[in-house]
Amino acid sequence: MRTSTLPYRHDPPPDSWFRSRRFPADFDTGEIQSYTTGTRHIALDGADNLKITPGRPGFPVLPRSRYVTTLWPMTPYIANARAWQESWDRQQEAYLPDREHRLAAMLDAVDATAAGAPRILDLAGGTGSITLRALQRFPRADVTLLDLDPVLLAIAEASLHGRARIVTADLRRPDWAATLPARGFDAVLTATALHWLPAERLGRLYREIHRLLDDGGIFVNADHMPDDALPGLTARITARADRDRDARYAAGVVLSWRDWWDRVDTDPALGPLAALRREVYPAGHTAEWLPPISWHLDALRAAGFTEVGTIWRGGADAAVAAVR
Ligand SMILES: C[S@@+](CC[C@H](N)C(=O)[O-])C[C@H]1O[C@@H](n2cnc3c(N)ncnc32)[C@H](O)[C@@H]1O
């Protein structure tokens, strides 16, 4: 795995997180052997030793840290991470029956441009669905997953188990990229996430992503991006998909978004993190903004990408790709 000696900035967790938890003196997560109650900054140093530094206000720089993970929302008690991962995937597939197709299209694009050991950023990666598939396709890949949700990141931590770097950052903030341990990615991949950002912020984010890529690197965003030329048909396709999904919920085939989060609330390990999540996303999540695909293509061109286009479409959803 490529290492970086760059200083690393880490958002400390809110005080309420520390108040809501008690830590054993010697928990064992396989690679991480110690932890101390009441600390706020946890880092792996250049020799992969876990470093815990006392809490300091603001966004302290932890020099000599190779990378800092979101260990703060991690819990060593998630013994059933695989089950949570699977149920997340099923819940997402209820919205996106062709989810695997779009994720495969993304990874095909990575394969075509940077096979071998690609450096990948899984942006707003949640539980790690893209990261896990990328590692399966490219076992030598160097993957960083970034997200803000303490519940989803805890599942990612547990199911990835050290195979990818995990970073907590808020994409609404212009300084989010400062939390990354390194730049120069071959691919930045994201799915079903950036519609949580408002237009102006998303346009800026596209420029920020452009700066994170190496020359020739690619950005792929799969999301709800209707075809501008088919507004009427798209509405009918979407209504049909909604009816199908409601029928599946009613028959108990799969959990709805709300039901999935209700289960999280009752889980002994994830429940406390769900309380923290409500602080991070007080309204559940931010308002959705779902422009047609032309908006994305224009914004990516304006961000400076040399080639911009569509690599996948399924109904009202698409994956746009952009080459730096
Ligand atoms: C529907 S989930 C998709 C997760 C993952 N990409 C997948 O396909 O399974 C949307 C993700 O976007 C993340 N997200 C939303 N707003 C964010 C923000 N401002 N900063 C970081 N992550 C954010 C959420 O926490 C969540 O993990």
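Starting afresh in each chain, residues are numbered from 1 along the sequence in its written order. Totals for whole chains, interfaces and linings use every residue, but because this is a predicted model, local features are given only for residues with pLDDT of at least 70 and side-chain atom pairs only at 80 or more, for both listing and counting.

Going by what an unreviewed UniProt entry lists, the protein chain is known as Methyltransferase domain-containing protein and is assigned to Dactylosporangium siamense.

(A) Representation of the overall build of the protein chain. The helix and strand labels rest on DSSP assignments: H or I over at least four residues marks a helix, E over at least two residues marks a strand, and numbering proceeds from the N terminus. From N to C terminus, the protein chain includes 10 helices and 12 strands. Per-residue burial for the protein chain yields a buried fraction of 38% across its 324 residues. Partitioning the contacts of the protein chain with sequence separation of at least 6, the portion at a separation of at least 24 is 68%. Exposure criterion: with C-beta atoms placed from backbone coordinates, a residue whose C-beta has 20 or more other C-beta atoms within 10 Å is buried, one with 12 or fewer is exposed, and one in between is partly exposed. For the purpose of contact definition, each residue receives a C-beta atom placed from its backbone, and two residues are in contact when these atoms lie within 7 Å.

(B) Just helix H7 (residues 231-250), in detail. Working rule for helices: expected span equals 1.5 Å times residues minus one. The terminal C-alpha atoms of H7 lie 28 Å apart, and with 20 residues this matches the ideal 28 Å at 1.5 Å per residue to within 8%. Here H7 lies mainly on the outside; 0 of its 20 residues are buried.

(C) Spotlight on the nonpolar core. Here a nonpolar core is just a set of buried residues of the types Ala, Val, Leu, Ile, Met, Phe, Trp, Tyr and Cys, joined wherever their C-beta atoms sit within 7 Å. In terms of nonpolar packing, the biggest core is built from 66 residues, with Met 106, Ile 120, Ile 155, Val 188, Val 220 and Ala 319 touching the most fellow members. In terms of residue count, helix H5 (residues 150-160) provides more of this core than any other element does, 8 residues in total.

(D) Main features of the sheet that holds strand E10 (residues 213-224). Being paired, for any two strands, means DSSP has found at least two bridges between them. Strand order in the open sheet made by the 7 strands is E8-E7-E6-E9-E10-E12-E11, with mixed pairing throughout. The sheet terminates laterally at strand E8 (165-168) and strand E11 (307-314), the two strands that pair on one side only. Taking the axes of each pair of neighbouring strands and ignoring which way they run, one obtains an average angle of 15 degrees across the sheet. By the bridge criterion, 4 bridges tie strand E7 (residues 142-147) to E8 in an arrangement that is parallel. Simply put, an axis is a line fit to the C-alpha atoms, just over the touching stretch for a helix, and the angle between two N-to-C directions goes from 0 to 180 degrees.

(E) Just the site of the ligand, in detail. By definition, a residue lies near a molecule or strand provided its backbone-derived C-beta atom is within 6 Å of it. Around the ligand, the surrounding shell holds 17 residues, and the nearest of these are Ala 124, Gly 126, Asp 149, Leu 171 and Ala 193. Side-chain classes are defined by residue name, with Ala, Val, Leu, Ile, Met, Phe, Trp, Tyr, Cys and Pro counting as nonpolar, Asp, Glu, Lys and Arg as charged, and the others, Gly among them, as polar. A per-class count over the shell around the ligand returns 8 nonpolar, 5 polar and 4 charged.

(F) Structural view of the confidence of the model for the protein chain. Each residue carries a pLDDT score, the predictor's confidence in it, ranging from 0 to 100. When the pLDDT values of the protein chain are averaged, the result is 79; 74% of them are 70 or greater. For the stretch residues 1-76, pLDDT sits under 50, and the model shows 115 contacts to residues farther than four places along the chain or on other chains.

(G) View of helix H3 (residues 99-114). For H3, with 16 residues, the first-to-last C-alpha span of 22 Å sits near the 22 Å given by 1.5 Å per residue. Within H3, burial applies to Arg 102, Leu 103, Ala 105, Met 106, Leu 107, Ala 109, Val 110 and Ala 114. At its buried positions, H3 is contacted by strand E6 (119-123), helix H4 (129-137), strand E9 (185-191), E10, E11 and strand E12 (317-323). Downstream of H3 by one or two residues, Gly 116 has phi in the positive range, about 95 degrees.

(H) Structural context of the environment of Arg 165. Structurally, Arg 165 can be placed in strand E8. Separated by 22 residues in the primary sequence, Arg 165 and Val 143 place their C-alpha atoms 6.4 Å from one another.

(I) Structural view of the pairing of E8. In E8, alternate side chains face the same way, and those of Arg 165 and Val 167 on one face and Ile 166 and Thr 168 on the other are all buried. Where the polypeptide runs from E7 across H5 and back to E8, its parallel neighbour, the crossover connection is right-handed. A clockwise path from the first strand over the helix to the second, with the strands pointing away from the viewer, defines a right-handed crossover.

(J) A look at the packing of helix H6 (residues 199-212) against helix H10 (residues 293-302). Running from amino to carboxyl end, H6 crosses H10 at an angle of 45 degrees, the nearest separation of the two axes being 8 Å. With respect to H10, the axis of H6 lies oblique. Here H6 runs over H10; the crossing is right-handed. Across from Leu 202, Gly 203 and Tyr 206 in H6, the residues of H10 making contact are Ala 299, Leu 300 and Ala 302. Taken together, the residues of the contact of H6 with H10 break down into 5 nonpolar, 1 polar and no charged. Roughly parallel refers to an angle under 35 degrees, roughly antiparallel to one over 145, roughly perpendicular to one between 65 and 115, and oblique to any angle outside these ranges. Handedness of a crossing follows from how the near helix is turned relative to the far one, being left-handed for an anticlockwise turn of less than a right angle and right-handed for a clockwise one.

(K) Seen up close, unusual backbone geometry. A positive phi is found at Ala 124, a non-glycine position, where the angle reads about 55 degrees. Relative to the helices and strands, Ala 124 resides in the loop between E6 and H4. For Ala 124, a count of 22 C-beta atoms within 10 Å translates into the label buried. Even without a glycine there, the phi angle at Thr 192 is positive, about 55 degrees. With respect to the helices and strands, Thr 192 occurs in the loop between E9 and H6. For Thr 192, a count of 20 C-beta atoms within 10 Å translates into the label buried.

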